[in-house]
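So you can see what is in the structure, the chains are spelled out below.
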Amino acid sequence: MALWVLKGGSRGEYESRILENSVLIMGWCEIGDLGRMRAREEIEAAYRKAYPDASDKRVAAHVGQLFAFVHTAKAGDLVVVPLKSRSAIAIGEIAGEYRYREDLGPDVRHTRPVKFRTTDTPRGAFKQDLLYGFGAFLTFCQPRQEDAEKRVRR
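Residues numbered from 1 in each chain as written. Predicted model: local features only at pLDDT ≥ 70, side-chain atom pairs only at ≥ 80, totals over all residues. Heavy atoms only, no water.

Q: Looking at this model, I keep getting lost on the overall build of the chain. Mind explaining?
A: When its secondary structure is counted, the chain shows five helices and seven strands. Overall, the chain shows an N-to-C arrangement of helices and strands of β-α-β-α-α-β-β-β-β-α-β-α. Here the C-alpha radius of gyration of the chain, 15 Å, is about what a compact globule of 154 residues would show, namely 15 Å. Taken along its principal axes, the extent of the C-alpha atoms in the chain is 45 × 30 × 25 Å. When the 154 residues of the chain are sorted by exposure, 51% land in the buried category. Here the contacts in the chain between residues at least 6 apart in sequence split such that 64% fall between residues at least 24 apart. A total accessible area of about 8200 Å² is found for the chain, and carbon and sulfur atoms account for 49% of it. Seen as two clouds, the 26 positive and the 21 negative side-chain charges of the chain have centres 3 Å apart. (Helix = DSSP H or I, 4+ residues; strand = E, 2+ residues; numbered from the N terminus. Rg over C-alpha atoms; globule rule 2.2 N^0.38 Å. Buried < 20%, exposed > 50% of the residue type's maximum accessible area, 1.4 Å probe, protein only. Contact = heavy atoms within 4.5 Å. Areas by Shrake-Rupley, 256 points an atom, 1.4 Å probe, with all protein chains shown as cover. Lys, Arg positive; Asp, Glu negative; His and termini not counted. Charge placed at Lys NZ, Arg CZ, Asp CG, Glu CD.)

As structure tokens, this is what we get:
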């Protein structure tokens, strides 16, 4: 099993939809249905078409996150969602495969179902090094702290 961090938007704008719909959300709606794209190169081509002015560095970072969200993360993997709307962290397990959806608003298409164990774990329940990992710049990533998954499961 793996541990993932998903951000609920730069200002927490996706948090309510994440929690109310038990779904993980990624942006980049202009790309289209990623479920039909099996290779990273396919996602990159679609990204470059949707965002032709993006730098190579930005393309690499965003495509890596999208590929991980769709293909690398597995059902049963643990996920933390640091909440900006309150000083808490939601913790759950990915509950299924990637799904392209059009029913959650015009700014949401890429989703994974999640079964939350808790949506109100205080930030103080985690040591500072884990909190730094949860605060990574990326929207979807794996924290690199030692034994992060085991520590969160505890």
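Don't stop here, the text continues.
Q: Even after reading the chapter, I still don't get the packing of aromatic side chains, so can you show me in this structure?
A: Each aromatic ring pair is described using two quantities: the centre-to-centre distance and the angle formed by the ring planes. Scanning all chains against the criterion turns up four aromatic pairs. A ring pair is formed by Phe69 and Phe140, whose centres lie 5.2 Å apart and whose planes are at 85°; its orientation type is edge-to-face. On the criterion of sequence distance, the pair formed by Phe69 in helix H3 (residues 56-72) and Phe140 in strand S7 (residues 140-141) is long-range, its members being 71 residues apart. Phe140 carries the same exposure label as Phe69, and that label is buried. Look at Phe126 and Phe134: their rings are 5.3 Å apart centre to centre, the planes differ by 80°, and that puts the pair in the edge-to-face class. Of the two residues examined, Phe126 and Phe134, each falls in the buried class. Ring pairing ties together the aromatic residues Trp4, Phe69 and Phe140, which thus form one cluster. (Phe/Tyr/Trp six-rings, centres within 6.5 Å; stacked < 30°, edge-to-face > 60°.)

Q: Explain the pattern of salt bridges to me, please; I cannot follow it from the model alone.
A: Oppositely charged side chains can pair when the atoms bearing their charge come close. As enumerated under the stated definition, the model contains nine salt bridges in all. With a shortest N-O distance of 3.5 Å, Arg153 and Glu93 are connected by a salt bridge. With Arg153 in helix H5 (residues 148-153) and Glu93 in strand S4 (residues 88-94), the pair connects residues that are 60 residues apart, well separated along the chain. Salt bridges sharing partners connect three or more residues here, namely Glu93, Arg117, Glu149 and Arg153. (Salt bridge = Lys/Arg side-chain N within 4 Å of Asp/Glu carboxyl O.)

Q: Sorry, what's going on with the packing of helix H2 (residues 40-50) against H3 here?
A: How two helices sit against one another is set out by the angle between their axes and by the gap between those axes. Interaxial distance between H2 and H3 falls to 9 Å at its minimum, and their mutual angle equals 130°. Regarding the angle of H2 to H3, the classification is oblique. In the crossing of H2 with H3, the sense of the turn from one axis to the other is right-handed. Taken together, the residues of H3 that come into contact with H2 (itself represented by Arg40, Ile43, Glu44, Tyr47 and Arg48) are Asp56, Arg58, Val59, Ala60, His62, Val63, Gly64, Leu66, Phe67 and His71. Looking at the contact of H2 with H3, its residues break down into seven nonpolar, three polar and five charged. (Axes fitted to C-alpha atoms, helices over the stretch in contact; angles between N-to-C directions. Parallel < 35°, antiparallel > 145°, perpendicular 65-115°, else oblique. Left-handed = near helix turned anticlockwise from the far one by under 90°. Nonpolar A, V, L, I, M, F, W, Y, C, P; charged D, E, K, R; others polar.)

Remember that the coordinates give geometry; whether it matters functionally is a separate question.
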